[in-house]
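For reference, the chains in residue letters:
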Amino acid sequence: MSNDRIGHAPSVHPAMDEYAGHFMAGIEALPTYRSTVGCVIPAYNEEEAIADVLDSLLAQTLLPDAIHVIVNNTTDATVEIASHYAGLHTRGEGREEQMTEIFVHDIGENPDKKVGALNYGYTLVEGMDYLLGVDGDTTADPRAIEYLVQEIQDDDRIGGISAIYSIDDSGVDTLMGKFLIAGQRAQFAAFNMQNLLRGRNMAVLGGQYSIFSTEALRKVVQQTHQRYPWVRDSEIEDALLSLQIKSAGYLTKISARARANVGGMNDMRSLDAQQVKWNTGGIDLMWPGQRGDTKGQPLHPNLRLRWFENFSMVINGCTRWMFFFLLISSLILQAFVFLAFWLVPTIVATLLNLRIAHSMESATRRDYLFALLWVPAELYMWIRLGHFARSWTKFFSSSQTDNWALQAKAESGSGGWAYLTPIALVVITLAAAVAIWTQLSEDLQSTVLLAGWTSLGIITILQTAWLAIKLCRRYKGFTT
(Lines give C-alpha, C1' and ligand atoms only; values in the text may rest on other atoms or scores of the structure.)
Protein backbone atom coordinates (compact mmCIF):
# COMPACT_ATOMS: atom_id res chain seq x y z
CA MET A 1 0.00 0.00 0.00
CA SER A 2 1.43 3.40 -0.94
CA ASN A 3 2.06 6.09 1.68
CA ASP A 4 -0.37 8.53 0.06
CA ARG A 5 -3.28 6.29 0.98
CA ILE A 6 -2.47 6.18 4.67
CA GLY A 7 -4.65 8.48 6.83
CA HIS A 8 -8.23 9.68 6.69
CA ALA A 9 -9.65 10.09 3.25
CA PRO A 10 -11.97 13.07 2.77
CA SER A 11 -15.62 12.12 3.07
CA VAL A 12 -17.55 11.88 -0.18
CA HIS A 13 -20.86 12.25 1.71
CA PRO A 14 -21.25 15.73 3.29
CA ALA A 15 -24.63 14.64 4.68
CA MET A 16 -22.94 11.86 6.63
CA ASP A 17 -20.43 14.39 8.05
CA GLU A 18 -23.32 16.57 9.22
CA TYR A 19 -25.11 13.56 10.72
CA ALA A 20 -21.91 12.48 12.53
CA GLY A 21 -21.51 15.98 13.95
CA HIS A 22 -25.09 16.04 15.26
CA PHE A 23 -24.69 12.51 16.66
CA MET A 24 -21.50 13.34 18.59
CA ALA A 25 -23.05 16.56 19.90
CA GLY A 26 -25.99 14.53 21.16
CA ILE A 27 -23.67 12.05 22.86
CA GLU A 28 -21.80 14.87 24.62
CA ALA A 29 -25.07 16.38 25.80
CA LEU A 30 -26.16 13.17 27.51
CA PRO A 31 -25.95 13.39 31.31
CA THR A 32 -23.02 11.52 32.81
CA TYR A 33 -23.49 9.31 35.83
CA ARG A 34 -22.56 11.00 39.09
CA SER A 35 -22.23 9.12 42.34
CA THR A 36 -24.87 10.02 44.88
CA VAL A 37 -23.90 11.23 48.34
CA GLY A 38 -26.13 11.39 51.38
CA CYS A 39 -24.88 13.48 54.29
CA VAL A 40 -25.85 12.58 57.87
CA ILE A 41 -25.27 15.04 60.72
CA PRO A 42 -25.97 13.70 64.23
CA ALA A 43 -26.62 16.78 66.34
CA TYR A 44 -26.89 17.05 70.11
CA ASN A 45 -27.09 20.56 71.62
CA GLU A 46 -25.27 22.16 68.68
CA GLU A 47 -27.07 25.52 68.59
CA GLU A 48 -23.75 27.40 68.52
CA ALA A 49 -22.24 25.44 65.63
CA ILE A 50 -24.97 23.92 63.44
CA ALA A 51 -25.40 27.03 61.25
CA ASP A 52 -21.66 27.10 60.46
CA VAL A 53 -21.74 23.37 59.66
CA LEU A 54 -24.63 23.76 57.19
CA ASP A 55 -23.08 26.89 55.64
CA SER A 56 -19.88 24.93 55.15
CA LEU A 57 -21.75 22.09 53.40
CA LEU A 58 -23.64 24.50 51.14
CA ALA A 59 -20.32 26.14 50.17
CA GLN A 60 -18.83 22.85 48.92
CA THR A 61 -17.76 22.64 45.28
CA LEU A 62 -19.58 19.28 45.17
CA LEU A 63 -22.89 19.38 46.99
CA PRO A 64 -24.28 16.25 48.65
CA ASP A 65 -27.54 15.07 47.10
CA ALA A 66 -29.27 15.25 50.48
CA ILE A 67 -28.33 16.52 53.93
CA HIS A 68 -30.08 15.00 56.94
CA VAL A 69 -29.68 16.73 60.30
CA ILE A 70 -30.59 14.15 62.95
CA VAL A 71 -31.28 16.03 66.18
CA ASN A 72 -31.41 13.83 69.26
CA ASN A 73 -31.79 14.38 73.01
CA THR A 74 -31.35 18.09 72.49
CA THR A 75 -32.32 20.69 75.07
CA ASP A 76 -31.32 23.82 73.13
CA ALA A 77 -32.32 25.60 69.90
CA THR A 78 -30.56 23.24 67.49
CA VAL A 79 -33.81 22.23 65.75
CA GLU A 80 -35.03 25.80 65.38
CA ILE A 81 -31.73 27.04 63.92
CA ALA A 82 -31.32 24.07 61.56
CA SER A 83 -34.91 24.40 60.38
CA HIS A 84 -34.09 27.75 58.77
CA TYR A 85 -31.96 25.78 56.28
CA ALA A 86 -34.55 23.09 55.52
CA GLY A 87 -35.62 22.75 51.90
CA LEU A 88 -34.12 22.69 48.41
CA HIS A 89 -30.91 24.60 47.65
CA THR A 90 -29.65 25.09 44.09
CA ARG A 91 -26.46 26.56 42.67
CA GLY A 92 -25.22 27.17 39.14
CA GLU A 93 -27.02 26.93 35.80
CA GLY A 94 -27.36 24.42 32.98
CA ARG A 95 -24.94 21.54 33.15
CA GLU A 96 -23.20 23.25 36.07
CA GLU A 97 -26.34 23.30 38.17
CA GLN A 98 -26.17 21.45 41.50
CA MET A 99 -28.87 20.99 44.06
CA THR A 100 -29.24 19.54 47.51
CA GLU A 101 -32.11 19.26 49.92
CA ILE A 102 -31.74 19.71 53.67
CA PHE A 103 -33.99 17.73 56.00
CA VAL A 104 -34.16 18.27 59.75
CA HIS A 105 -35.30 15.29 61.85
CA ASP A 106 -35.94 15.70 65.55
CA ILE A 107 -36.01 12.11 66.85
CA GLY A 108 -36.47 13.25 70.44
CA GLU A 109 -35.18 11.16 73.30
CA ASN A 110 -32.81 8.57 71.94
CA PRO A 111 -31.13 6.11 74.34
CA ASP A 112 -28.47 5.23 71.76
CA LYS A 113 -27.41 8.88 71.44
CA LYS A 114 -25.02 9.52 68.52
CA VAL A 115 -25.11 5.87 67.43
CA GLY A 116 -28.91 5.96 67.22
CA ALA A 117 -28.80 9.19 65.21
CA LEU A 118 -26.24 7.76 62.76
CA ASN A 119 -28.26 4.61 62.22
CA TYR A 120 -31.44 6.63 61.70
CA GLY A 121 -29.59 8.64 59.07
CA TYR A 122 -28.24 5.47 57.47
CA THR A 123 -31.78 4.23 56.82
CA LEU A 124 -32.44 7.47 54.92
CA VAL A 125 -29.41 7.32 52.61
CA GLU A 126 -28.55 3.62 52.29
CA GLY A 127 -29.85 3.62 48.72
CA MET A 128 -27.18 6.14 47.69
CA ASP A 129 -23.61 5.32 46.74
CA TYR A 130 -21.93 7.03 49.69
CA LEU A 131 -22.74 8.18 53.20
CA LEU A 132 -20.94 11.28 54.41
CA GLY A 133 -20.88 11.48 58.19
CA VAL A 134 -20.38 14.98 59.61
CA ASP A 135 -20.34 15.94 63.28
CA GLY A 136 -22.54 18.81 64.39
CA ASP A 137 -19.52 21.00 65.16
CA THR A 138 -17.28 20.25 62.13
CA THR A 139 -16.68 22.49 59.14
CA ALA A 140 -14.57 21.70 56.08
CA ASP A 141 -12.60 23.31 53.28
CA PRO A 142 -14.78 24.03 50.21
CA ARG A 143 -13.37 21.13 48.16
CA ALA A 144 -13.46 18.51 50.93
CA ILE A 145 -16.43 16.51 49.59
CA GLU A 146 -15.11 16.74 46.03
CA TYR A 147 -11.76 15.30 47.12
CA LEU A 148 -13.31 12.57 49.28
CA VAL A 149 -15.62 11.41 46.49
CA GLN A 150 -12.78 11.43 43.93
CA GLU A 151 -10.56 9.34 46.16
CA ILE A 152 -13.17 6.75 47.12
CA GLN A 153 -14.35 6.45 43.51
CA ASP A 154 -10.82 5.82 42.26
CA ASP A 155 -10.46 2.55 44.18
CA ASP A 156 -13.32 0.10 44.68
CA ARG A 157 -11.38 -1.53 47.53
CA ILE A 158 -11.87 1.53 49.74
CA GLY A 159 -14.70 1.24 52.24
CA GLY A 160 -14.23 4.63 53.84
CA ILE A 161 -12.02 7.73 53.83
CA SER A 162 -11.49 10.23 56.62
CA ALA A 163 -10.58 13.88 56.13
CA ILE A 164 -7.41 15.36 57.61
CA TYR A 165 -8.53 16.86 60.91
CA SER A 166 -7.43 19.95 62.71
CA ILE A 167 -9.02 22.52 65.03
CA ASP A 168 -9.78 26.15 64.28
CA ASP A 169 -8.15 28.20 67.03
CA SER A 170 -9.33 31.63 65.88
CA GLY A 171 -12.22 31.95 68.34
CA VAL A 172 -10.36 30.93 71.51
CA ASP A 173 -9.99 33.79 73.99
CA THR A 174 -8.78 32.26 77.29
CA LEU A 175 -5.17 31.43 78.11
CA MET A 176 -6.08 27.86 79.13
CA GLY A 177 -8.17 27.43 75.98
CA LYS A 178 -5.33 28.64 73.74
CA PHE A 179 -2.90 26.24 75.42
CA LEU A 180 -5.23 23.22 75.19
CA ILE A 181 -6.25 23.92 71.58
CA ALA A 182 -2.57 24.27 70.57
CA GLY A 183 -1.91 20.89 72.20
CA GLN A 184 -4.85 19.27 70.42
CA ARG A 185 -3.75 20.73 67.08
CA ALA A 186 -0.27 19.28 67.57
CA GLN A 187 -1.78 15.94 68.64
CA PHE A 188 -3.99 15.81 65.52
CA ALA A 189 -1.09 16.80 63.25
CA ALA A 190 1.19 14.07 64.60
CA PHE A 191 -1.57 11.46 64.34
CA ASN A 192 -2.48 12.52 60.79
CA MET A 193 1.14 12.39 59.63
CA GLN A 194 1.61 8.91 61.11
CA ASN A 195 -1.35 7.65 59.09
CA LEU A 196 -0.37 9.48 55.91
CA LEU A 197 3.09 7.90 56.02
CA ARG A 198 1.62 4.42 56.58
CA GLY A 199 0.31 4.24 53.04
CA ARG A 200 -2.55 6.56 54.05
CA ASN A 201 -4.05 3.66 55.96
CA MET A 202 -6.38 5.06 58.64
CA ALA A 203 -6.94 3.01 61.77
CA VAL A 204 -10.05 4.98 62.76
CA LEU A 205 -12.41 6.64 60.30
CA GLY A 206 -13.33 9.50 62.63
CA GLY A 207 -17.00 10.34 62.53
CA GLN A 208 -16.22 14.05 62.38
CA TYR A 209 -15.94 14.10 58.55
CA SER A 210 -15.68 10.73 56.80
CA ILE A 211 -17.26 9.23 53.71
CA PHE A 212 -18.33 5.58 53.58
CA SER A 213 -19.28 3.28 50.74
CA THR A 214 -22.84 2.17 51.48
CA GLU A 215 -21.96 -1.14 49.82
CA ALA A 216 -19.25 -1.64 52.47
CA LEU A 217 -21.68 -0.69 55.24
CA ARG A 218 -24.23 -3.21 53.96
CA LYS A 219 -21.54 -5.89 53.92
CA VAL A 220 -20.64 -5.08 57.53
CA VAL A 221 -24.28 -5.41 58.54
CA GLN A 222 -24.50 -8.75 56.76
CA GLN A 223 -21.28 -10.22 58.16
CA THR A 224 -21.80 -9.08 61.76
CA HIS A 225 -25.52 -9.91 61.88
CA GLN A 226 -26.17 -6.38 63.08
CA ARG A 227 -29.30 -4.47 62.26
CA TYR A 228 -27.33 -1.29 61.49
CA PRO A 229 -23.68 -0.40 60.78
CA TRP A 230 -23.08 1.41 64.07
CA VAL A 231 -23.51 -0.34 67.42
CA ARG A 232 -23.11 1.00 70.92
CA ASP A 233 -20.88 -1.88 72.04
CA SER A 234 -17.87 0.45 72.07
CA GLU A 235 -17.16 3.87 73.58
CA ILE A 236 -15.76 4.81 70.15
CA GLU A 237 -18.33 3.61 67.66
CA ASP A 238 -16.31 4.90 64.70
CA ALA A 239 -13.27 2.79 65.67
CA LEU A 240 -15.35 -0.38 65.93
CA LEU A 241 -16.97 0.27 62.55
CA SER A 242 -13.53 0.90 61.03
CA LEU A 243 -12.35 -2.50 62.29
CA GLN A 244 -15.46 -4.14 60.85
CA ILE A 245 -15.02 -2.45 57.46
CA LYS A 246 -11.42 -3.65 57.37
CA SER A 247 -12.49 -7.18 58.37
CA ALA A 248 -15.06 -7.14 55.57
CA GLY A 249 -12.22 -6.84 53.07
CA TYR A 250 -12.20 -3.10 52.46
CA LEU A 251 -9.51 -0.47 52.96
CA THR A 252 -9.82 2.38 55.44
CA LYS A 253 -7.91 5.45 54.33
CA ILE A 254 -7.11 9.04 55.23
CA SER A 255 -7.49 11.63 52.49
CA ALA A 256 -4.41 13.30 51.07
CA ARG A 257 -6.24 16.60 50.42
CA ALA A 258 -9.65 16.89 52.11
CA ARG A 259 -9.49 18.91 55.34
CA ALA A 260 -11.92 19.60 58.14
CA ASN A 261 -11.89 21.55 61.39
CA VAL A 262 -13.45 19.72 64.33
CA GLY A 263 -14.68 21.11 67.61
CA GLY A 264 -11.93 21.45 70.20
CA MET A 265 -12.04 21.24 73.99
CA ASN A 266 -11.27 24.54 75.70
CA ASP A 267 -11.01 23.39 79.31
CA MET A 268 -9.36 20.57 81.23
CA ARG A 269 -12.60 18.93 82.36
CA SER A 270 -14.14 18.50 78.90
CA LEU A 271 -10.83 17.46 77.32
CA ASP A 272 -10.37 14.82 80.01
CA ALA A 273 -13.88 13.44 79.47
CA GLN A 274 -13.39 13.24 75.70
CA GLN A 275 -9.94 11.67 75.82
CA VAL A 276 -10.86 9.16 78.55
CA LYS A 277 -13.87 8.07 76.48
CA TRP A 278 -11.72 7.63 73.38
CA ASN A 279 -8.92 5.80 75.19
CA THR A 280 -11.23 3.53 77.20
CA GLY A 281 -13.06 2.54 74.03
CA GLY A 282 -9.76 1.85 72.30
CA ILE A 283 -8.58 -0.38 75.17
CA ASP A 284 -11.86 -2.31 74.97
CA LEU A 285 -11.13 -3.11 71.32
CA MET A 286 -7.47 -3.93 71.98
CA TRP A 287 -7.84 -6.18 75.00
CA PRO A 288 -8.21 -9.92 74.31
CA GLY A 289 -11.30 -11.75 75.46
CA GLN A 290 -14.99 -10.99 75.55
CA ARG A 291 -16.22 -7.84 77.26
CA GLY A 292 -19.93 -7.31 76.73
CA ASP A 293 -21.03 -7.95 73.16
CA THR A 294 -17.74 -6.97 71.56
CA LYS A 295 -14.80 -9.35 71.48
CA GLY A 296 -11.37 -7.79 71.78
CA GLN A 297 -9.22 -7.95 68.65
CA PRO A 298 -5.64 -7.38 69.87
CA LEU A 299 -4.06 -8.56 66.60
CA HIS A 300 -6.30 -6.56 64.26
CA PRO A 301 -4.09 -4.56 61.83
CA ASN A 302 -6.03 -1.36 62.54
CA LEU A 303 -4.99 -1.57 66.21
CA ARG A 304 -1.23 -1.79 65.77
CA LEU A 305 -0.79 1.97 65.96
CA ARG A 306 -2.99 2.11 69.07
CA TRP A 307 -0.89 -0.57 70.80
CA PHE A 308 2.26 1.36 69.96
CA GLU A 309 0.72 4.60 71.24
CA ASN A 310 -0.21 3.02 74.58
CA PHE A 311 3.20 1.39 74.96
CA SER A 312 4.86 4.71 74.18
CA MET A 313 2.76 6.50 76.79
CA VAL A 314 3.74 3.92 79.43
CA ILE A 315 7.42 4.53 78.68
CA ASN A 316 6.93 8.31 78.71
CA GLY A 317 5.12 8.17 82.05
CA CYS A 318 7.69 5.88 83.69
CA THR A 319 10.71 7.92 82.55
CA ARG A 320 9.20 11.18 83.78
CA TRP A 321 8.23 9.69 87.14
CA MET A 322 11.72 8.16 87.51
CA PHE A 323 13.38 11.47 86.64
CA PHE A 324 11.52 13.40 89.33
CA PHE A 325 12.08 10.69 91.93
CA LEU A 326 15.82 10.53 91.19
CA LEU A 327 16.11 14.32 91.03
CA ILE A 328 14.41 14.85 94.40
CA SER A 329 16.42 12.04 96.01
CA SER A 330 19.71 13.36 94.60
CA LEU A 331 18.96 16.88 95.83
CA ILE A 332 18.25 15.55 99.32
CA LEU A 333 21.71 13.95 99.36
CA GLN A 334 23.18 17.03 97.69
CA ALA A 335 24.55 14.63 95.11
CA PHE A 336 22.92 16.01 91.98
CA VAL A 337 25.36 16.91 89.19
CA PHE A 338 24.03 18.57 86.07
CA LEU A 339 25.10 16.91 82.82
CA ALA A 340 24.59 18.51 79.40
CA PHE A 341 23.58 15.02 78.19
CA TRP A 342 20.10 15.58 79.61
CA LEU A 343 19.55 18.52 77.25
CA VAL A 344 19.88 16.34 74.15
CA PRO A 345 16.43 14.64 74.47
CA THR A 346 14.83 18.04 75.04
CA ILE A 347 16.46 19.51 71.94
CA VAL A 348 15.52 16.54 69.73
CA ALA A 349 11.93 16.55 71.03
CA THR A 350 11.65 20.30 70.39
CA LEU A 351 12.95 19.92 66.84
CA LEU A 352 10.44 17.13 66.19
CA ASN A 353 7.61 19.25 67.58
CA LEU A 354 8.71 22.15 65.36
CA ARG A 355 8.72 19.90 62.32
CA ILE A 356 5.22 18.69 63.12
CA ALA A 357 4.07 22.30 63.51
CA HIS A 358 5.66 23.16 60.15
CA SER A 359 3.75 20.29 58.52
CA MET A 360 0.41 21.89 59.41
CA GLU A 361 -1.42 23.37 56.43
CA SER A 362 -2.66 26.27 58.56
CA ALA A 363 0.13 26.56 61.13
CA THR A 364 -0.03 29.71 63.24
CA ARG A 365 2.51 31.54 65.36
CA ARG A 366 0.92 29.91 68.40
CA ASP A 367 1.63 26.43 66.96
CA TYR A 368 5.31 27.28 66.50
CA LEU A 369 5.59 28.81 69.98
CA PHE A 370 3.92 25.75 71.50
CA ALA A 371 6.64 23.57 69.96
CA LEU A 372 9.61 25.90 70.34
CA LEU A 373 9.15 26.78 74.02
CA TRP A 374 9.11 23.04 74.94
CA VAL A 375 7.37 23.67 78.29
CA PRO A 376 3.82 23.88 76.80
CA ALA A 377 4.36 20.63 74.85
CA GLU A 378 5.75 18.94 77.97
CA LEU A 379 2.82 20.10 80.11
CA TYR A 380 0.39 18.82 77.48
CA MET A 381 2.21 15.46 77.52
CA TRP A 382 1.59 15.25 81.27
CA ILE A 383 -2.10 15.98 80.68
CA ARG A 384 -2.26 13.18 78.09
CA LEU A 385 -0.50 10.82 80.47
CA GLY A 386 -3.25 11.56 82.98
CA HIS A 387 -5.89 10.67 80.40
CA PHE A 388 -4.23 7.34 79.65
CA ALA A 389 -3.80 6.53 83.34
CA ARG A 390 -7.47 7.26 84.04
CA SER A 391 -8.55 5.20 81.02
CA TRP A 392 -6.59 2.10 82.02
CA THR A 393 -7.74 2.45 85.64
CA LYS A 394 -11.33 2.68 84.48
CA PHE A 395 -10.87 -0.33 82.22
CA PHE A 396 -9.36 -2.59 84.89
CA SER A 397 -11.90 -1.49 87.50
CA SER A 398 -14.66 -2.73 85.15
CA SER A 399 -16.77 0.23 86.26
CA GLN A 400 -19.90 0.59 84.17
CA THR A 401 -20.21 4.31 83.44
CA ASP A 402 -21.85 6.17 80.58
CA ASN A 403 -18.84 8.03 79.19
CA TRP A 404 -21.02 9.73 76.59
CA ALA A 405 -23.07 11.28 79.38
CA LEU A 406 -19.92 12.18 81.32
CA GLN A 407 -18.48 13.96 78.29
CA ALA A 408 -21.71 15.87 77.70
CA LYS A 409 -21.79 16.85 81.37
CA ALA A 410 -18.18 18.01 81.28
CA GLU A 411 -18.76 20.07 78.14
CA SER A 412 -21.68 21.79 79.85
CA GLY A 413 -19.33 23.01 82.59
CA SER A 414 -19.97 20.42 85.30
CA GLY A 415 -18.65 16.95 85.99
CA GLY A 416 -16.54 17.08 89.11
CA TRP A 417 -12.79 17.04 89.61
CA ALA A 418 -11.89 13.49 88.53
CA TYR A 419 -9.49 14.86 85.90
CA LEU A 420 -7.18 15.98 88.73
CA THR A 421 -6.83 12.43 90.09
CA PRO A 422 -3.67 11.57 88.09
CA ILE A 423 -1.90 14.67 89.44
CA ALA A 424 -2.74 13.67 93.00
CA LEU A 425 -1.53 10.11 92.36
CA VAL A 426 1.79 11.29 90.93
CA VAL A 427 2.39 13.56 93.93
CA ILE A 428 1.36 10.86 96.43
CA THR A 429 3.43 8.08 94.83
CA LEU A 430 6.47 10.34 94.49
CA ALA A 431 6.19 11.42 98.12
CA ALA A 432 5.77 7.81 99.26
CA ALA A 433 8.73 6.60 97.18
CA VAL A 434 10.99 9.38 98.47
CA ALA A 435 9.86 8.72 102.05
CA ILE A 436 10.67 5.01 101.73
CA TRP A 437 14.02 5.84 100.12
CA THR A 438 14.98 8.12 103.03
CA GLN A 439 14.53 5.21 105.43
CA LEU A 440 17.23 3.19 103.65
CA SER A 441 20.85 3.14 104.72
CA GLU A 442 23.19 5.64 103.06
CA ASP A 443 24.94 2.92 101.04
CA LEU A 444 21.64 1.51 99.83
CA GLN A 445 20.40 4.99 98.95
CA SER A 446 23.48 5.51 96.78
CA THR A 447 23.00 2.14 95.14
CA VAL A 448 19.37 2.96 94.30
CA LEU A 449 20.38 6.29 92.81
CA LEU A 450 23.20 4.78 90.75
CA ALA A 451 20.99 2.00 89.38
CA GLY A 452 18.14 4.44 88.78
CA TRP A 453 20.15 7.05 86.90
CA THR A 454 21.87 4.34 84.83
CA SER A 455 18.55 2.72 83.86
CA LEU A 456 16.97 6.08 83.11
CA GLY A 457 19.96 7.05 81.00
CA ILE A 458 19.74 3.90 78.87
CA ILE A 459 15.98 4.30 78.34
CA THR A 460 16.40 7.99 77.50
CA ILE A 461 19.10 7.20 74.91
CA LEU A 462 16.78 4.71 73.21
CA GLN A 463 13.88 7.16 73.30
CA THR A 464 16.03 9.94 71.87
CA ALA A 465 17.25 7.66 69.08
CA TRP A 466 13.65 6.85 68.17
CA LEU A 467 12.75 10.57 68.18
CA ALA A 468 15.75 11.26 65.94
CA ILE A 469 14.57 8.62 63.47
CA LYS A 470 11.12 10.23 63.37
CA LEU A 471 12.73 13.64 62.96
CA CYS A 472 14.70 12.50 59.92
CA ARG A 473 11.79 10.69 58.29
CA ARG A 474 10.69 12.08 54.92
CA TYR A 475 7.16 13.50 54.86
CA LYS A 476 6.81 12.79 51.10
CA GLY A 477 5.09 16.11 50.44
CA PHE A 478 2.23 15.45 52.84
CA THR A 479 0.89 18.26 55.00
CA THR A 480 -1.48 18.03 57.93
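That block above? That's the structure.
Owing to the predicted nature of the structure, the values given are computational and were not obtained by experimental measurement. (Residues numbered from 1 in each chain as written. Predicted model: local features only at pLDDT ≥ 70, side-chain atom pairs only at ≥ 80, totals over all residues. Heavy atoms only, no water.)

**A few points about the pattern of salt bridges**
- Throughout the structure, instances matching the rule amount to 12 salt bridges.
- As a salt-bridge pair, E151 and R200 come within 2.5 Å of each other at their nearest N and O atoms. Highlighted residues: E151 in helix α5 (residues 144-153) and R200 in the loop between α6 (175-196) and β8 (209-213), separated in sequence by 49 residues.
- Relative accessible area serves as the criterion here: at 11%, E151 is assigned to the buried category.
- Assessed through its relative accessible area of 22%, R200 is described here as partly exposed.
- A single salt-bridge network, built from bridges that share partners, covers K114, D135 and E237. (Salt bridge = Lys/Arg side-chain N within 4 Å of Asp/Glu carboxyl O. Helix = DSSP H or I, 4+ residues; strand = E, 2+ residues; numbered from the N terminus. Buried < 20%, exposed > 50% of the residue type's maximum accessible area, 1.4 Å probe, protein only.)

**Concerning the environment of L351**
- Summarising the element assignment, L351 is placed in helix α11 (residues 343-358).
- Sequence separation between L351 and L467 is 116 residues; the distance between their C-alpha atoms is 9.4 Å.

**Points about unusual backbone geometry**
- Phi is positive for H225, which is not a glycine, with a value near 60 degrees.
- Relative to the assigned elements, H225 resides in the loop between α7 (214-224) and α8 (237-247).
- With relative accessibility at 73%, the residue H225 sits in the exposed group.
- For K476, which is not glycine, the phi torsion reads 55 degrees and is therefore positive.
- Looking at the secondary structure, you find K476 in the segment after α16 (442-472).
- Its relative accessible area of 53% is what places K476 among the exposed residues.

**Brief notes about the pairing of strand β9 (residues 251-262)**
- Taken across its 12 residues, β9 has 9 buried, putting it largely inside the fold.
- Across 2 bridges, the pairing between strand β6 (residues 139-140) and β9 is antiparallel. Within β9, the position partnered with A140 by the bridge is A260.
- Pairing of strand β7 (residues 158-167) with β9 involves 8 bridges; the strand directions are parallel. Looking at β9, one finds that I158 is bridged to L251. (Pairing = 2+ DSSP bridges.)

**Looking at the layout of surface pockets**
- When its volume is computed, the second largest pocket comes out at roughly 640 Å³.
- Lining the second largest pocket are 23 residues, with W382, L385, G386, P422 and V426 positioned closest to its centre.
- Mapped by element, the contributors of at least two residues to the lining of the second largest pocket are α9 (268-286), α10 (304-332), α13 (375-397) and α15 (421-438).
- The element best represented in the lining of the second largest pocket is α13, accounting for 9 residues.
- The class makeup of the residues in the lining of the second largest pocket is 17 nonpolar, 5 polar and 1 charged. (1 Å grid on protein atoms, 1.4 Å probe; cavity = no way out; pocket = protein on both sides within 12 Å on 5 of 7 lines; lining within 4 Å. Points joined across faces, edges and corners; volume = space filled by probe spheres on them. Nonpolar A, V, L, I, M, F, W, Y, C, P; charged D, E, K, R; others polar.)

**Observations concerning α7**
- Looking only at α7, the buried set comprises T214, A216, L217, V220 and V221. What you see down the axis of α7 is that its buried residues fit within an arc of 160 degrees, all on one side.
- Contacts made by the buried residues of α7 are with α4 (113-125), β5 (130-134), β7, β8 and α8.
- Positive backbone phi, approximately 60 degrees, marks H225, located one or two places after α7. (Arc of directions from axis to C-beta. Contact = heavy atoms within 4.5 Å.)

**Thoughts on the nonpolar core**
- Counting 39 residues, the largest nonpolar core has I41, L54, L57, L132, Y209 and I211 as its most contacted members.
- For this core, the element with the highest residue contribution is α5, accounting for 6 residues. (Core = buried A, V, L, I, M, F, W, Y, C linked by side-chain atoms within 4.5 Å.)

**Structural notes on a nonpolar patch on the surface**
- The grouping of L331, F336, F338, L343, I347 and L351 at the surface amounts to a nonpolar patch, some 580 Å² of accessible area in total.
- By residue number, the principal contributor to the nonpolar patch is α11, which donates 3 residues.
- Summarising the element assignment, F338 is placed in the loop between α10 and α11. (Patch = residues over 30% accessible without salt bridge, like charges linked within 9 Å, V, L, I, M, F, W, Y side chains within 5 Å. Areas by Shrake-Rupley, 256 points an atom, 1.4 Å probe, with all protein chains shown as cover.)

**Focus on helix α12 (residues 365-372)**
- Those residues of α12 not exposed but buried are D367, F370 and A371. Buried residues of α12, viewed axially, fall in a sector of 95 degrees; they line one side. Of the residues in α12, the exposed ones pointing more than 90 degrees away from the buried face are R365 and L372.
- Just beyond α12, the residue with positive phi is W374, at close to 65 degrees.

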